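Close look at the chain arrangement
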Amino acid sequence: MRHLKIYLILITSIGLLYACSKTEVIKPQTEEIRFVVPTNFPDAVYKFEGNTLTNTGFSLGKKLFYDVRLSADKTISCGSCHQQFAGFANLDHKVSHGVNNCLGKRNAPVLFNLAWQKEFFWDGGAKNLEIVPINAITDVCEMGTDLNTIVSFLNTTSPYPQLFKDAFGTEIVNSQNLLKALAQFTATMVSANSKYDKVMRNPQQNSFTADEQQGYQLFKEKCASCHSEPLFTNLNYTSNGLDLNSIDEGRKVITGLSSDKGKFRIPTLRNIELSSPYMHDGRFNSLEKVLEHYNSGVQHSENLDPSLIKSSQLGIPLSSIQKQQLISFLKTLTDDEFIKNKIFNEN
Amino acid sequence: MNIKNISILLFTLLTLGFTSCKKDEVINSKEKGSFTIEFENEVNGTPLVLNTQNYINANGDSFNISVFKYYVSNIKLTKTDGTIYSLPESYILVDASKPSSFLNIFKDIPSGDYTKISFIIGVDKERNLAGAQTGALDPALGMFWTWNSGYIFVKLEGTSPQSTATNKALTFHIGGIVDPNNTIRTFSTDFSTGNPLRIRADKSPQIHFTANAGSLFTGKQNISFANLNFTMGGANSVLIADNYAVNLFEFEHIHN
């Protein structure tokens, strides 16, 4: 049978192990955690070099991801802003909402297929998956703390020293192992089992509806130059004309080039149905509004992508039927198996 | 002969003895030895005292320094015959507030007479892009940018009455690896052939450098704190890096 196990493989455990401490129960990861490149995907960028993926490392990473005690006021974890049911984006939050009710300036992006990304954040400022979390940890408006505080908390809070020992062979916690554990968790999040993937990998047994198929054709014509398959982003930076004058300078913050002002990373569209609101500042709360933007709202921003300027017309003209077909197609990018995968669940 | 003359004679004999020994010495480069680099922080010739001491920059602006930290990495030693030995994993962070960081020992160096040293002021491109590091490169040491990820190569903070920033602050965080704002600079110096760095299994020579915090503000272009008092990467950081590339470090001497 050509049914491909392209995501984390579950091997049911024999007997559940519980490590107990006074205050909490830690359930070790009992399934075998693996990272497998889906057959319709290119090679991954993050290769777990110097950070061998292990069950203990992964489950430690997961525990850290969901531990609110890592934040300054002990209310916010990574999982507060990156929610599994929203593709690990932040549902209903235009911009991120951190400690002390502080509002950040950007929308929390989805977290999956991160192992294929070379750069992170809307402006590409972070250049290695392992170091990405430091920003959230230290941002006064996100977790509001610092690495030293977290490291000493982990060194003195049972059962962390033991968990670090299990994962990395030493119970002395340092920032490197903290970040490696988090990367084992985040890099392993792979979303590649949407209806779209099933159709692509096995067209004999899966097919699009007529609407979805129409939408797919339109998508390939009008959207795929930027939101390229199979990641649904070519990972470049450009402007899709949200504002004449972008308040957030975007990519320019990183490169210093005025030709990068107002450019943002082209986001993936996988699980897009679940990760509203949309755009770097979360300005649109529905896919209809996004498509209306492409149809009639594109502004002639100074660095507007040239492909969105066609003779006198800005943007991508779309009839209401076309919009509806596109949305039908976009919904085939929803990967329920990923969204409901217990491996990534807080539990 | 009085005592003094006798001691002079003895000294001369001993020295001659030593020198002739050296001539015949066979250096076994399979043997390994160690050496130490010591950095003495100063500002234009006077020792660096954090917070309390006032200094004058080349432009005539007065200032004091509360933070002075810098990376030195990728140390290379060149032998008399031109062969180069690159010290593996050589990353050091000197922090003016931590005297223990001034003395840095390097072990397992092949024996030999080395007449040149070079190093990067900062951190190489690869490690700027790498995953989580530890030791001198631990991002918890406050020398790592998270929003535009990479290391701060040289960090100087303080105040100046001429600064137009809030609280008259001076904030010079120099880093960045992408052209045209690449601030990786290399320093190299020759030692005299008469007194090279002699690495031997049974000795641990010391190299002394001064590190002049004042060098950030002169060299290629004098800095006026009214015009420039804040930089975290970008074109102004390049200006500062080009300045300190000229004379942040000065080789003083070697104790063999």
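Bear in mind the structure is a predicted one, so any value in this text is a computation, not a measurement.

Details of the overall build of chain A
- For chain A, the helix and strand inventory stands at twelve helices and six strands.
- Taking 20 Å as the expected radius of gyration for a compact globule of 347 residues, we find that chain A reaches 21 Å, a close match to that expectation.
- Expressed as a percentage of its 347 residues, the buried residues of chain A come to 55%.
- Across chain A, the fraction of contacts at a sequence separation of at least 24, relative to all contacts at a separation of at least 6, is 67%.
- In chain A, 35 positive and 35 negative side-chain charges are present, and the distance between their average locations comes to 2 Å.

So, the domain arrangement of chain A
Residues and elements named next belong to chain A.
- Entries for chain A in the domain assignment read domain 1 (27–190) and domain 2 (195–337).
- For domain 1 and domain 2, the distance between their C-alpha centroids amounts to 27 Å.
- Listed by partner, the interface residues are 29 residues for domain 1 and 26 residues for domain 2.
- Buried area between domain 1 and domain 2, both sides added, is near 2,300 Å², and the carbon and sulfur share of it is 55%.
- Ranking the residues of domain 1 by area buried against domain 2 places Asn40, Trp122 and Asp123 at the top, with a combined share of 28%.

Let's talk about the pairing of strand β14 (residues 206–212) of chain B
Residue and element names in this part refer to chain B.
- In terms of burial, β14 is a largely internal element, six of the seven residues being buried.
- Pairing of strand β1 (residues 32–43) with β14, which is carried by seven bridges, proceeds in the parallel orientation. The partner of asparagine 41 across the bridge, within β14, is alanine 211.
- Inspection of the sheet shows β14 paired to strand β16 (residues 249–255) by six bridges, in the antiparallel sense.

Description of the environment of glutamine 313 of chain A
Residue and element names in this part refer to chain A.
- Along the chain, the position of glutamine 313 falls in strand β6 (residues 313–314).
- By relative accessible area, which is 35% here, glutamine 313 ends up partly exposed.
- Between the C-alpha atom of glutamine 313 and that of glutamate 273, which follows or precedes it by 40 residues, the distance is 28 Å.
- The contacts of glutamine 313, once residues within four sequence positions are left out, are Asn295 and Leu308.

As for the pattern of salt bridges
Residue and element names in this part refer to chain A.
- Considering all chains together, one arrives at 18 salt bridges over all chains under this definition.
- Residue lysine 323 pairs with glutamate 292 through a salt bridge whose shortest N-O separation is 2.3 Å. Taken together, the residues lysine 323 in helix α11 (residues 320–331) and glutamate 292 in helix α10 (residues 287–297) connect sequence positions 31 residues apart.
- On the accessibility criterion, lysine 323 (17% relative accessible area) is buried.
- Salt bridges sharing common partners tie together Arg106, Asp123 and Asp248.

Overview of the interface of chain B and chain A
- In this assembly, 15 residues from chain B lie in contact with 20 residues from chain A.
- Both faces considered, chain B and chain A share a buried interface measuring about 1,500 Å² in area, 52% of it formed by carbon and sulfur atoms.
- Three residues stand out in chain B for area buried against chain A, namely Ala132, Thr146 and Trp147 of chain B, and they jointly supply 35% of the buried area on that side.
- The interface formed by chain B and chain A contains zero salt bridges.
- Taken together, the links from chain B to chain A amount to eleven residue pairs in polar contact (both at pLDDT 80 or more).
- Of the residues belonging to the side of chain B that touches chain A, the class tally is seven nonpolar, seven polar and one charged.

A short note on the packing of helix α1 (residues 55–65) of chain A against helix α6 (residues 175–187) of chain A
Residues and elements named next belong to chain A.
- Two elements in contact, α1 and α6, have axes whose closest approach is 7 Å; the angle formed by their N-to-C orientations is 95 degrees. Judged on the interaxial angle alone, α6 and α1 are roughly perpendicular. On α6, the residues touching Gly57, Phe58, Leu60, Gly61, Lys62, Leu64 and Phe65 of α1 are Leu178, Ala181, Leu182, Gln184, Phe185 and Thr186.
- Of the residues that constitute the contact of α1 with α6, the class distribution is eight nonpolar, four polar and one charged.

Overview of the UniProt feature "domain: Copper-binding protein MbnP-like" (unreviewed entry) in chain B
- This chain's UniProt record puts "domain: Copper-binding protein MbnP-like" (unreviewed entry) on residues 33–229 of chain B.
- Structurally, residues 33–229 of chain B comprises 3% helix and 48% strand, and the distance from its first C-alpha atom to its last is 44 Å.

Points about helix α3 (residues 235–247) of chain B
- Of the residues making up α3 of chain B, those classed as buried are Ser237, Val238, Ile240, Ala241, Asn243 and Tyr244 of chain B.
- Looking at the packing, one finds that the buried side of α3 of chain B touches β8 (112–121), β10 (150–159), β11 (169–175), β12 (185–190) and β15 (230–232) of chain B.

Thoughts on unusual backbone geometry
Residues and elements named next belong to chain A.
- Geometrically, the link from serine 158 to proline 159 is a cis peptide bond, its omega value of 5 degrees lying close to zero.
- By the secondary structure assignment, proline 159 is in the loop between α4 (147–156) and α5 (160–168).
- In this chain, serine 276 is followed by proline 277 through a cis amide linkage whose omega measures 0 degrees.
- Here proline 277 shows up in the loop between β4 (264–265) and α10.

Thoughts on the confidence of the model for chain B
Residue and element names in this part refer to chain B.
- For chain B, per-residue confidence averages 91 on the pLDDT scale, and 90% of positions sit at 70 or higher.
- Note on residues 9–22: pLDDT is under 50 here. Beyond four places in sequence and across chains, it has three contacts.
- Across the predicted assembly, pTM comes out at 0.89 and ipTM at 0.85.

Comments concerning the packing of aromatic side chains
- Taken as a whole, this structure holds 48 aromatic pairs over all chains when the rule is applied.
- Centroid distance tyrosine 66 of chain A to phenylalanine 185 of chain A: 6.3 Å. Interplanar angle 65 degrees. Geometry classified as edge-to-face. Of the two residues, tyrosine 66 of chain A is situated in the loop between α1 and α2 (78–81) and phenylalanine 185 of chain A in helix α6; the sequence distance between them amounts to 119 residues. This pair shows no difference in class: tyrosine 66 of chain A is buried, exactly as phenylalanine 185 of chain A is.
- Residues phenylalanine 187 of chain B and phenylalanine 209 of chain B carry aromatic rings whose centres are separated by 5.8 Å and whose planes lie at 85 degrees to one another, so their mutual orientation is edge-to-face. Of this pair, phenylalanine 187 of chain B sits in strand β12 while phenylalanine 209 of chain B sits in strand β14, placing them 22 residues apart in sequence. With respect to burial, phenylalanine 187 of chain B and phenylalanine 209 of chain B carry one shared label: buried.
- Here the aromatic residues Phe39, Phe68, Tyr70, Phe119, Phe187, Phe191, Phe209, Phe249 and Phe251 of chain B are joined through ring pairs into a cluster of three or more.
- For the cation-ring pair, lysine 74 of chain A lies above phenylalanine 153 of chain A, with the distance from its terminal atom to the ring centre recorded as 5.8 Å.

Calculation criteria
- Residues numbered from 1 in each chain as written.
- Chains lettered and ligands numbered in written order.
- Predicted model: local features only at pLDDT ≥ 70, side-chain atom pairs only at ≥ 80, totals over all residues.
- Heavy atoms only, no water.
- Helix = DSSP H or I, 4+ residues; strand = E, 2+ residues; numbered from the N terminus.
- Rg over C-alpha atoms; globule rule 2.2 N^0.38 Å.
- Buried < 20%, exposed > 50% of the residue type's maximum accessible area, 1.4 Å probe, protein only.
- Contact = heavy atoms within 4.5 Å.
- Lys, Arg positive; Asp, Glu negative; His and termini not counted.
- Charge placed at Lys NZ, Arg CZ, Asp CG, Glu CD.
- Domains from an automatic or database assignment.
- Buried area = accessible area lost by both parts, 1.4 Å probe.
- Pairing = 2+ DSSP bridges.
- Salt bridge = Lys/Arg side-chain N within 4 Å of Asp/Glu carboxyl O.
- Polar contact = N/O pair within 3.5 Å; in protein donor to acceptor, adjacent residues only side chain to side chain.
- Nonpolar A, V, L, I, M, F, W, Y, C, P; charged D, E, K, R; others polar.
- Axes fitted to C-alpha atoms, helices over the stretch in contact; angles between N-to-C directions.
- Parallel < 35°, antiparallel > 145°, perpendicular 65-115°, else oblique.
- UniProt positions renumbered as here; feature names shortened; annotations may be inferred.
- pLDDT = per-residue confidence, 0-100.
- Phe/Tyr/Trp six-rings, centres within 6.5 Å; stacked < 30°, edge-to-face > 60°.
- Lys NZ or Arg CZ within 6 Å of the ring centre and 35° of its normal.

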